[in-house]
Each structure stands twice: as structure tokens, then as C-alpha cells.
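Chain residues, written in single-letter form:
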Amino acid sequence: MIDLNDSKEDIAMKKYMKRQIEAITDSVHNIDKLSSELKALQTTDTAELLQETKEAADQHAAAQQNVINFLTSKVESLEDAEKNNINEVEKLRVENQKLAAELSKLKTQRSDSENEENTKATGNTK
């Protein structure tokens, strides 16, 4: 405060100090304002980065699920093919047994025929 007993220098110094205090106060207000704006920007940037990260994670998870689904489908197809192959092998085994039995029967018939011919041939020469 300016006092009536103050000299011109004191009054000038007090006015100067008052302007300095006002300038400092304005600077502090500006710093507070800029700090608030920076926090708002950081919050916005952080929110955007979090959203982008979430979207990327979701895309990655979807891609992984697609791979899992594809591989599961392939495994199921291979399992089905294996079952079909097992069934086919069993059918061929049964067919092979039938053919082996028929071959054995034909061999027996041929052997019997040869024995019969040998017997006739031997009987005719006596």
C-alpha cells in the first residue's frame, strides 16, 4: 500500500512491485491453464491410445480365433478321413479273407481234380 509519507522512489518501487506481482500472478494463472490443457490432452491421448490398443487386441484375438477355428476344422477333417480309412481297411480285410477262403477252396478243388485225374490215369494203365 502506498503511504502518504512515502518518497517518490518508494512509491515507484511499490508500483513496480505491484506490477511484478500482477505479472507473476498472471504467469501462474497461465501456467495453471496450460497445465489443465496439457492434462486434458494427455487424457485424450491416453484414451485414444487405449482405444487403439483395445482395437488392435480385439483384431489379434479375432485372428487367433480364426486360426483356431481353421485348425480345429482341419483336425476334424483328418479325424473323419482317418475313420473312413479305418472303415475302408476293415472292408478290404473282410474282402481279403473272403478271397483267401475262395482261393483255398479253389486250390482244394484243383488238388482234388488232379488227384482224381491221377487216379484215373493210374487206373487206366493197370
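Our subject is the structure that appears above.
Let me sum up the structure you'll find in this document. Keep in mind the model is a prediction, meaning the values are calculated, not measured. (Residues numbered from 1 in each chain as written. Predicted model: local features only at pLDDT ≥ 70, side-chain atom pairs only at ≥ 80, totals over all residues. Heavy atoms only, no water.)

**Here we look at the overall build of the chain**
Just so we agree on the cut-off: For the purposes of this entry, the term helix denotes a DSSP run of H or I that reaches at least four residues, the term strand denotes a run of E that reaches at least two, and both are numbered from the N terminus. Radius of gyration here is computed from C-alpha atoms only, and the compact-globule reference equals 2.2 Å multiplied by the residue count raised to the power 0.38. The rule is simple: take the accessible area with a 1.4 Å probe, protein chains only, and divide by the maximum for that residue type; under 20% is buried, over 50% is exposed, in between is partly exposed. Here, Shrake-Rupley sampling with a 1.4 Å probe gives the accessible areas, and only protein chains in the shown set may cover a residue. Only four residue types enter the charge count, namely Lys and Arg as positive and Asp and Glu as negative; His and the chain termini do not. For this purpose, a charge sits on NZ of Lys, CZ of Arg, CG of Asp or CD of Glu.
Across its full length, the chain holds one helix and zero strands. Against the compact-globule benchmark of 14 Å for 126 residues, the chain has a radius of gyration of 53 Å, which places it well outside the compact range. Overall, the C-alpha framework of the chain stretches about 175 × 15 × 10 Å when taken along its three principal axes. A total of 126 residues make up the chain; the buried ones form 1% of that total. Counting only carbon and sulfur atoms, one obtains 56% of the accessible surface of the chain, whose full area is about 11700 Å². Measuring between centres, the 18 positive side-chain charges of the chain sit 5 Å from its 25 negative side-chain charges.

**Re the pattern of salt bridges**
We count it as follows: Any carboxyl oxygen of Asp or Glu that lies within 4 Å of a side-chain nitrogen of Lys or Arg is treated as forming a salt bridge with it.
Counting across every chain of the model gives three salt bridges. Between Arg-93 and Glu-90 there is a salt bridge; the shortest N-O distance is 2.8 Å. Taken together, the positions of Arg-93 and Glu-90, both in helix α1 (residues 8-125) and three residues apart, correspond to about one turn of that helix. Under the relative-accessibility criterion, Arg-93 is labelled partly exposed at 43%. Between Glu-114 and Arg-110 there is a salt bridge, and its shortest N-O distance comes to 3.6 Å. Of this pair, Glu-114 and Arg-110 both sit in helix α1, four residues apart, which is roughly one turn of the helix. According to the relative accessible area criterion, Arg-110 is exposed, its value standing at 58%.

**Observations concerning a negative patch on the surface**
As a reminder of what qualifies: A residue counts toward a patch only above 30% relative accessible area and without a salt bridge, and it is joined to like-charged neighbours within 9 Å or, for Val, Leu, Ile, Met, Phe, Trp and Tyr, to nonpolar neighbours within 5 Å.
Negative charge collects at one region of the surface, where Asp-45, Glu-48, Glu-52 and Glu-55 lie side by side. Within the secondary structure layout, Glu-55 lies in helix α1. Residue class for Glu-55 comes out partly exposed when judged on its relative accessible area of 40%.

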